[in-house]
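Coordinate analysis (summary)
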Amino acid sequence: MLDVKALRADAQAVAAQLQKKHFELDVSAFEALEARRKSVQVSSEQLQASKKKASKQIGQLVGQGMSVDEAKAKVADELKDIDAELESASTELADIQAQLDAMLSGIPNVPHEQVPEGKDEDDNEEVLLWGEPKQFDFAVLDHVDLGGRRDELDFERAAKLTGSRFSVMRGDIARLNRALIEFMLNQHCDEHGYEMINVPYIVNNDTLYGTGQLPKFAEDLFKLHGDSEYYLIPTAEVPVTNLFRDEIIDPNQLPLKFTSHTPCFRSEAGSYGRDTRGMIRQHQFEKVEMVQIVKPEDSWQALEDLTQHAENILQALELPYRKVRLCGGDLGFSAHMTYDLEVWLPSQNTYREISSCSNCGDFQARRMQMRTRDENGKPQLVHTLNGSGLAVGRTLLAVLENYQNADGSVTVPEALRPYMGGKEVILAK
RNA sequence: GGAGGAGUGGCAGAGCGGUUGAAUGCACCGGUCUUGAAAACCGGCGAGGGUUAACGCCCUCCGCGAGUUCGAAUCUCGCCUCCUCCGCCA
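Residues numbered from 1 in each chain as written. Chains lettered and ligands numbered in written order. Predicted model: local features only at pLDDT ≥ 70, side-chain atom pairs only at ≥ 80, totals over all residues. Heavy atoms only, no water.

Looking now at a nonpolar patch on the surface. A cluster of nonpolar side chains, namely Tyr 201, Ile 202 and Tyr 230, defines an oily patch on the protein surface of about 260 Å² accessible area. The residue Ile 202 is located in strand E5 (residues 202–204) in this model. (Patch = residues over 30% accessible without salt bridge, like charges linked within 9 Å, V, L, I, M, F, W, Y side chains within 5 Å. Areas by Shrake-Rupley, 256 points an atom, 1.4 Å probe, with all protein chains shown as cover. Salt bridge = Lys/Arg side-chain N within 4 Å of Asp/Glu carboxyl O. Helix = DSSP H or I, 4+ residues; strand = E, 2+ residues; numbered from the N terminus.)

Moving on, we get to the nonpolar core. What tends to happen in soluble globular proteins is that the nonpolar side chains get buried as a cluster. In terms of nonpolar packing, the biggest core is built from 55 residues, with Leu 176, Leu 314, Leu 319 and Leu 400 touching the most fellow members. Of the residues forming this core, the biggest block, eight residues, is contributed by helix H7 (residues 171–191). Residues within four places of Leu 400 in sequence aside, it is in contact with His 143, Leu 146, Leu 153, Ile 173, Leu 176, Val 410 and Leu 427. Counting 21 residues, the second largest nonpolar core, distinct from the first, contains Val 14, Phe 30, Leu 93 and Ile 107. (Core = buried A, V, L, I, M, F, W, Y, C linked by side-chain atoms within 4.5 Å. Buried < 20%, exposed > 50% of the residue type's maximum accessible area, 1.4 Å probe, protein only. Contact = heavy atoms within 4.5 Å.)

Turning next to unusual backbone geometry. Most peptide bonds take the trans configuration, and most residues that are not glycine carry a negative phi. Omega for the bond connecting Leu 254 with Pro 255 falls within 30 degrees of zero, at 0 degrees, which places this linkage in the cis form. Tracing the sequence through the fold places Pro 255 in the loop between helix H9 (237–241) and strand E7 (256–265). Of note, the bond from Gly 389 into Leu 390 is cis; its omega dihedral lies within 30 degrees of zero at 10 degrees. Checked against the element boundaries, Leu 390 lands in strand E14 (residues 383–391). In this structure, Arg 165 is a non-glycine residue whose phi angle is positive, near 65 degrees. By the secondary structure assignment, Arg 165 is in the loop between helix H6 (155–161) and strand E3 (168–169). Positive phi, normally seen in glycine, also occurs at Asp 275, with a value near 50 degrees. Tracing the sequence through the fold places Asp 275 in the loop between E7 and strand E8 (284–294).

Let us now look at the pattern of salt bridges. This structure, assessed with the given rule, holds 23 salt bridges. Where Arg 8 meets Glu 34, a salt bridge forms, and the shortest distance between an N and an O atom there is 2.8 Å. Placement of the pair is Arg 8 in helix H1 (residues 4–19) and Glu 34 in helix H2 (residues 27–63), with a sequence separation of 26 residues. The exposure class assigned to Arg 8 is partly exposed, which follows from its relative accessible area of 39%. With a relative accessible area of 10%, Glu 34 lands in the buried category. The residue Arg 36 makes a salt bridge to Glu 92 at a minimum N-O spacing of 3.4 Å. Remark: Glu 92 occurs in helix H4 (residues 82–105) and Arg 36 occurs in helix H2; sequence separation between them is 56 residues. What emerges from the salt-bridge pattern is a single network uniting Glu 268, Asp 275, Arg 281 and Arg 352.

Right, let's talk about the pairing of E14 for a bit. Extensive coverage of E14 is indicated by the burial of nine of its nine residues. Note that strand E11 (residues 350–359) and E14 share three bridges and pair antiparallel. Bridging from a neighbouring strand, Cys 357 pairs with Gly 387 of E14. (Pairing = 2+ DSSP bridges.)

Right, let's get into the confidence of the model for chain A. With 99% of its residues at a pLDDT of 70 or more, chain A has an overall mean of 93. Per-element confidence in chain A ranges from a low mean pLDDT of 76 for helix H3 (residues 68–79) to a high of 98 for helix H10 (residues 299–316). (pLDDT = per-residue confidence, 0-100.)

Printed below as a string of structure tokens:
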């Protein structure tokens, strides 16, 4: 949520910033609504004040010994029309407020000035290329073929169990999956200073509102049937960032740095036909997430650090990758600025997203009313950041494809061998 | 699932339906005293919102939501959460 005060002060300026994000802010609609809000709110509060005053007067008179009926009669004039007026004013105000909230909660975060212009991923700005894609002297297989040789990666049976966009992992691949998770968590905890945290995979409305998935992106989520409005999490960012919602965090506790391994559930509405083969785009995938809650002045550096932490994983696994700064059109709803990391996939001969690291500024914090105190002790919104470190399924397939051998086996990256019982090669026939 | 009990400010803990945003204590901040510290004493100390150039003034908030009333922390109803006991269970 943007600061409504900034919009009141200069809606045009905000609209100009949002254009980079290809969001059209209806300035005149906002200003018209805001003008009504102001007049109705002022009169509604005035009416409340006079009603309160009259009630207090009755209290005083009764306290002085007057009978209740007499006291009421004495202030009857003042109370005469208030109820009806107040009723209509507060109904109108609630209506306007609801419209304003609906408008406001649908406006995305403004992009940082460093965010490049552009409409989609083709316009993202490359900031780093790391590693050299390996030259293969044989025809490379993709992860589906590699994993399918011994049924260790099984999409057909997953489809039987559930449907499309699910997978079954078995044997060494299942173990590789676990190895990646452990390796990533250990790196973040032992080398990068994160605290591990385990959170619910099912969350409520308020939590999804806090990070910005609701109300606008409900169709991307899996909603549970039942009496409660519950959803499966689309990312650990949602429960972890919301941990301290509605709290004022002691500044001495900041920064908070959490890492969490969870499954993620996404409906992938609107991506029919895209990435249908393999485990690139699944309804359920695992991710190791990093979340930071920091003082406002620290978030800029924190984004660099957090992104580096994700890069460290790729570097330790010796996977070639590319780092891009997302352009305005590709930036997410809540993000102020985002770096994507894209890993090299030999089978596609291109780089594909494996991590997304964002600074959300105070955008989520304002929705969550998550605050700390400034040097004067005044409440102040915190800044929130999140990033994948990394998407486990995509890392797994990147490992399979980049480490494949001519015979269809896969060499285990050295960093993972301790987690694989020392095994150096898997999927050998 | 059944039966009870409880939700008040950072914490503890008062609060007859009436000038209560809320006693008191602790914690915290400032001051006096002290060579310094502690103790003692004095003062300050919730959040959100509106309005204003500003000082200030006003509204809302005692788990959440409705209701009764001129007036609700206090009464009524529904919901949520927590605790205790019983049952069931990984």
